[in-house]
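Observations on chain architecture
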Amino acid sequence: MIFRTTPSRTARPALRRVRTTAALRPLRHRLDPARVEEIPFRTSDGVRLGLTRVDTGDTGRPAVLLLHGHTASADMFLLPETRNLVDALLDDGYEPWLLDWRGSCRLPYNETGRRYTYDDVALYDIPEAVAHIRDRIGERPLFVVAHCIGSLTLSLSMTAGLVPGLAGVVSQGVFLTPRLAGRTSLRMSVAGELLKTRIDHIPVDFRKVGLWSKYTPLFALAARRASCPDPTCQILHHSAWGTGASLFVHENLAEATHDRLAELLGPAPLWILPHLRRIELARSVVRWHDTDHRYRALPQNALDAAARIDTPVLLLSGSENGLWLDSQRLCHEVLARRQPQLDVSYTEIPGYGHLDTFLGRGAALDVFGHILEFLGERR
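Residues numbered from 1 in each chain as written. Predicted model: local features only at pLDDT ≥ 70, side-chain atom pairs only at ≥ 80, totals over all residues. Heavy atoms only, no water.

**Observations concerning the overall build of the chain**
- Across its full length, the chain holds 14 helices and 10 strands.
- Counting every position in the chain, which comprises 379 residues, the buried fraction comes to 59%.
- Of the contacts formed within the chain by residues at least 6 apart in sequence, a portion of 76% connects residues at least 24 apart.
- When the accessible surface of the chain is summed, it comes to about 16200 Å², and 52% of that surface belongs to carbon and sulfur atoms. (Helix = DSSP H or I, 4+ residues; strand = E, 2+ residues; numbered from the N terminus. Buried < 20%, exposed > 50% of the residue type's maximum accessible area, 1.4 Å probe, protein only. Contact = heavy atoms within 4.5 Å. Areas by Shrake-Rupley, 256 points an atom, 1.4 Å probe, with all protein chains shown as cover.)

So this is what it looks like as structure tokens:
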């Protein structure tokens, strides 16, 4: 039998530990620890973040800032089980910097702590990290490689003029023109309304919440018609936190990476949905705060302010992106029509989805070359 017919007190799962401090979970990597510099970093609005520099021993290298997606972390660029993007950048002569902004699963803010919108990431996290890096690197070129919401919020920072003079930007998955599938958009709206009074985030690790929890129906729904038996994979690959989207092409992940999904991606906060919903409906990155004077530096609509982009941009996307669909192709077409003076190019990676462009076991061969070629032409 799988379940007891008469539950007992001792059979109940232990209460999970919820982090209430801003202590960063350690990074996992295979680099020499002496080369990995963890830099104390707190934004001007008082939020502790994570900023990491990989010391190359060469002070003349161009720097590359890596921005993860929401609920991911800098770990996505440091996979010890495969050749990762940091490996590729080091071998090609760059100095990697990694920012864990306030949506990182290495931090507790998605589950506990102060709430935020993407305005906060665009106004505080990214510009202040860039300023800190520039204080350290001086006149050396600074590139940015950004994934998903990290890229989306970067576009808001760029069109606000808060990060001028970047040497180049690689945007993966989505940039200025977000587009979701119709069912994903509908589920996002319905789920936000139905669940907001009961839960404030959707977990990904079933082992932490246990069978007898309020999250069980969400995992059960994600398991319907799923080919993989792993609950974390089901709620990410088959459901994308209940939205019905897919975050990666399953066969592109190495077994070790697949087994680490609950570590690589964390809970998704439901209270961010209103801002994400407004962005998706506008088909553009729009500001959430309309009355708070602190956010007036951000444009109301980033696409309308795209003329302020002053750096070359490579829009990258997998051909099988099951979350943002053809958002990057759309962005390239719109910018070519509305802002033809901008240096914007588009590359599509055949056979790849969304996350596997960085987490995939073959990403070093199929994806990273496009990134390094773009950076190399502009260093």
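After presenting the structure, the write-up continues.
**Things to note about helix 3 (residues 149–159)**
- With respect to burial, helix 3 is a largely interior element, 11 of its 11 residues being buried.
- At its buried positions, helix 3 is contacted by strand 3 (63–67), helix 2 (118–137), strand 5 (142–147), strand 6 (168–172), helix 10 (273–282) and strand 9 (313–318).
- One or two positions beyond helix 3, positive phi appears at Gly161, with a value near 75 degrees.

**Observations concerning the side chain of Asp87**
- By secondary structure assignment, the location of Asp87 is in helix 1 (residues 85–91).
- Dropping the residues within four chain positions of it, Asp87 is found in contact with Arg30 and Thr82.

**A look at the confidence of the model for the chain**
- On average, the chain scores 89 in pLDDT, and the residues at 70 or more come to 89%.
- Per-residue pLDDT stays below 50 along residues 1–19; that stretch engages in 15 contacts with residues further than four places along the chain or on separate chains. (pLDDT = per-residue confidence, 0-100.)

**Observations concerning the pattern of salt bridges**
- For the structure shown, the criterion picks out 28 salt bridges.
- The residue Asp290 makes a salt bridge to Arg278 at a minimum N-O spacing of 3.6 Å. Here Arg278 lies in helix 10 and Asp290 lies in the loop between helix 10 and strand 9, a separation of 12 residues in the sequence.
- The exposure class assigned to Asp290 is partly exposed, which follows from its relative accessible area of 49%.
- Arg278 sits in the partly exposed class, given a relative accessible area of 31%.
- With a closest N to O distance of 2.6 Å, Arg294 and Asp292 form a salt bridge. (Salt bridge = Lys/Arg side-chain N within 4 Å of Asp/Glu carboxyl O.)

**Points about the packing of helix 2 against helix 3**
- Following both chains from N to C, one finds helix 2 and helix 3 inclined at 80 degrees, their axes separated by 8 Å at the closest point. Classified by the angle their axes make, helix 2 and helix 3 are roughly perpendicular. Taken together, the residues of helix 3 that come into contact with helix 2 (itself represented by Tyr118, Asp119, Val121, Ala122, Ile126 and Pro127) are Ile149, Gly150, Thr153, Leu154, Leu156 and Ser157.
- For the contact of helix 2 with helix 3, a count of residues per class yields 8 nonpolar, 3 polar and 1 charged. (Axes fitted to C-alpha atoms, helices over the stretch in contact; angles between N-to-C directions. Parallel < 35°, antiparallel > 145°, perpendicular 65-115°, else oblique. Nonpolar A, V, L, I, M, F, W, Y, C, P; charged D, E, K, R; others polar.)

**Overview of the pairing of strand 1 (residues 36–42)**
- In the sheet, strand 1 pairs with strand 2 (residues 48–54) via 7 bridges, with the strands oriented antiparallel. Opposite Ile39, over in strand 2, you have Leu51 as the bridge partner.
- Connecting strand 1 to the antiparallel partner strand 2 that follows it, the hairpin turn spans 5 residues, and Gly46 within it adopts a positive phi of roughly 90 degrees. (Pairing = 2+ DSSP bridges.)

**A look at the packing of aromatic side chains**
- Taken as a whole, this structure holds 3 aromatic pairs when the rule is applied.
- On the basis of an interplanar angle of 85 degrees and a centroid distance of 5.3 Å, the ring pair of Phe77 and Phe358 is categorised as edge-to-face. You can see Phe77 sitting in the loop between strand 3 and helix 1 and its partner Phe358 sitting in helix 12 (residues 356–359), a full 281 residues away along the chain. Across the pair, exposure class does not vary: Phe77 and Phe358 are buried alike.
- With centroids separated by 5.0 Å and ring planes inclined at 85 degrees, the aromatic side chains of Tyr116 and Trp271 adopt a geometry described as edge-to-face. Taken as a pair, Tyr116 in the loop between strand 4 (95–100) and helix 2 and Trp271 in the loop between strand 8 (268–269) and helix 10 lie far apart in primary sequence, 155 residues in all.
- Judged by relative accessible area, which is 4%, Tyr116 ranks as buried.
- For the cation-ring pair, Arg379 lies above Tyr94, with the distance from its terminal atom to the ring centre recorded as 4.4 Å. (Phe/Tyr/Trp six-rings, centres within 6.5 Å; stacked < 30°, edge-to-face > 60°. Lys NZ or Arg CZ within 6 Å of the ring centre and 35° of its normal.)

**Focus on helix 10**
- Within helix 10, burial applies to Leu273, His275, Leu276, Ile279 and Glu280. All buried residues of helix 10 fall inside an arc of 160 degrees around its axis, so they share one side.
- Directly after helix 10, the chain includes Arg283, whose backbone phi takes a positive value near 55 degrees. (Arc of directions from axis to C-beta.)

**Examining unusual backbone geometry**
- Even without glycine at this site, Thr71 takes up a positive phi of about 75 degrees.
- Assignment of secondary structure puts Thr71 in the loop between strand 3 and helix 1.
- Phi is positive for Cys148, close to 55 degrees, though the residue is something other than glycine.
- Positionally, Cys148 belongs in the loop between strand 5 and helix 3.
- The exposure class assigned to Cys148 is buried, which follows from its relative accessible area of 8%.

**A closer look at the sheet that holds strand 5**
- Taking strand neighbours across the sheet as the criterion, the 8 strands line up as 1-2-4-3-5-6-9-10 in an open arrangement whose pairing is mixed. Lying at the two open borders of the sheet, with one neighbouring strand each, are strand 1 and strand 10 (344–349). The average undirected angle you get between the axes of adjacent strands in this sheet is 20 degrees.
- As paired strands, strand 3 and strand 5 are joined by 5 bridges and run parallel to one another. Across the sheet, residue Val64 finds its bridge partner in strand 5, namely Phe143.

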